Amino acid sequence: MPAEDKKSNAKSPEPVMRSFKDSKSSTPGKIVVLFIVLIALGLGTGFALAKYSAKTGKNIPLLPTKNSTAKGKAFGSDDTKTFKDTAEGQLAEGGIEGEGQYHLVRPGGDSQNVYVTSATVDLGQFIGKKIKVWGQTQTAQTAGWLMDVGRVEVQ
């Protein structure tokens, strides 16, 4: 076979660089549809989990009003495992050097005060009342006893 025939039968080498213009790319419409489907699936999953998952929280009574803080009524959480510390006294405004928003005045003078704060119960509704509180003792720099209150019972 002549040399020319060998060259013509041989395959030409592929180019090092290719043009991407010829390849099929996804259209912007497909991308938008994909995002809409993903958002819908996320919303549906969130809704299903919220509606059908087990509820772990406990019912917390309504926040007290000035007229509803009658003797014997309790407000806040019933979780006595989390809020296991208790104290009794008359609630007064003011903490000590930035610790606590209120304090319980107890017999024995200022050294027996319990400084309290709460994210669960509005303690401002109980100022001047004798109350019993359940909470968690917190580390304090100045206060002798600092407590995060989770439950309040009017005495």
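Structure first, text after, so check above.
Here the residue index of a chain counts from 1 through its sequence in written order. For this predicted model, a pLDDT threshold of at least 70 governs which residues receive local features, and a threshold of 80 or more governs which side-chain atom pairs are given and counted, while totals over whole chains, interfaces and linings are taken from all residues. Computation of side-chain values covers all heavy atoms of the structure but excludes hydrogens and water.

(A) Representation of the packing of aromatic side chains in the model. The aromatic pairing rule takes the rings of Phe, Tyr and Trp, using the six-membered ring of Trp, and pairs them if the centres are within 6.5 Å, calling planes under 30 degrees apart stacked, those over 60 edge-to-face and the rest tilted. Per the stated rule, a full pass over the model turns up one aromatic pair. A centroid spacing of 5.6 Å and a plane angle of 50° characterise the contact between F75 and F126, whose relative ring orientation is tilted. Here F126 lies in the loop between β4 (114-117) and β5 (130-138) and F75 lies in strand β1 (residues 74-76), a separation of 51 residues in the sequence. Classification of F75 by relative accessible area gives buried; the value is 6%. Only DSSP runs of H or I with at least four residues qualify as helices, and only runs of E with at least two residues qualify as strands; both kinds are numbered from the N terminus onward. Relative accessible area decides the class of each residue, using a 1.4 Å probe on protein chains only: under 20% of the type maximum gives buried, over 50% gives exposed, and in between gives partly exposed.

(B) Representation of unusual backbone geometry in the model. Of note in the backbone geometry, E97 takes a positive phi value of approximately 50° without being a glycine. With respect to the helices and strands, the residue E97 is situated in the loop between β2 (85-93) and β3 (102-105). For E97, a relative accessible area of 68% corresponds to the exposed category.

(C) Just the pairing of strand β6 (residues 146-154), in detail. Summarising burial for β6: seven of the nine residues are buried, a large majority. Two strands qualify as a pair provided that DSSP identifies no fewer than 2 bridges between them. Relative to β6, β1 runs antiparallel, the two being bridged by three bridges. Looking at β6, one finds that A74 is bridged to E153. Note that β4 and β6 share three bridges and pair parallel. Looking at the pairing, Y115 lines up with L146 of β6. Strand direction decides the pairing type here: β5 and β6, joined by eight bridges, are antiparallel. The residue of β6 that forms the bridge with I131 is V154.

(D) Main features of the side chain of S118. In this fold, S118 is placed in the loop between β4 and β5. For S118, a relative accessible area of 15% translates into the label buried. Think of a polar contact as two N or O atoms within 3.5 Å of one another; within protein, one of them needs to be a possible hydrogen donor and the other a possible acceptor, and neighboring residues in sequence only count if both atoms come from side chains. A distance of 3.1 Å separates a polar side-chain atom of S118 from the backbone nitrogen of T120. At 2.6 Å, the side chain of S118 forms a polar contact with the backbone oxygen of V149. The contact criterion used throughout is that any non-hydrogen atoms of two residues lie within 4.5 Å. In this structure, S118 is in contact with Q101, L123, D148 and V149, ignoring residues within four places of it in sequence.

Distances and angles like these do not, on their own, reveal function.
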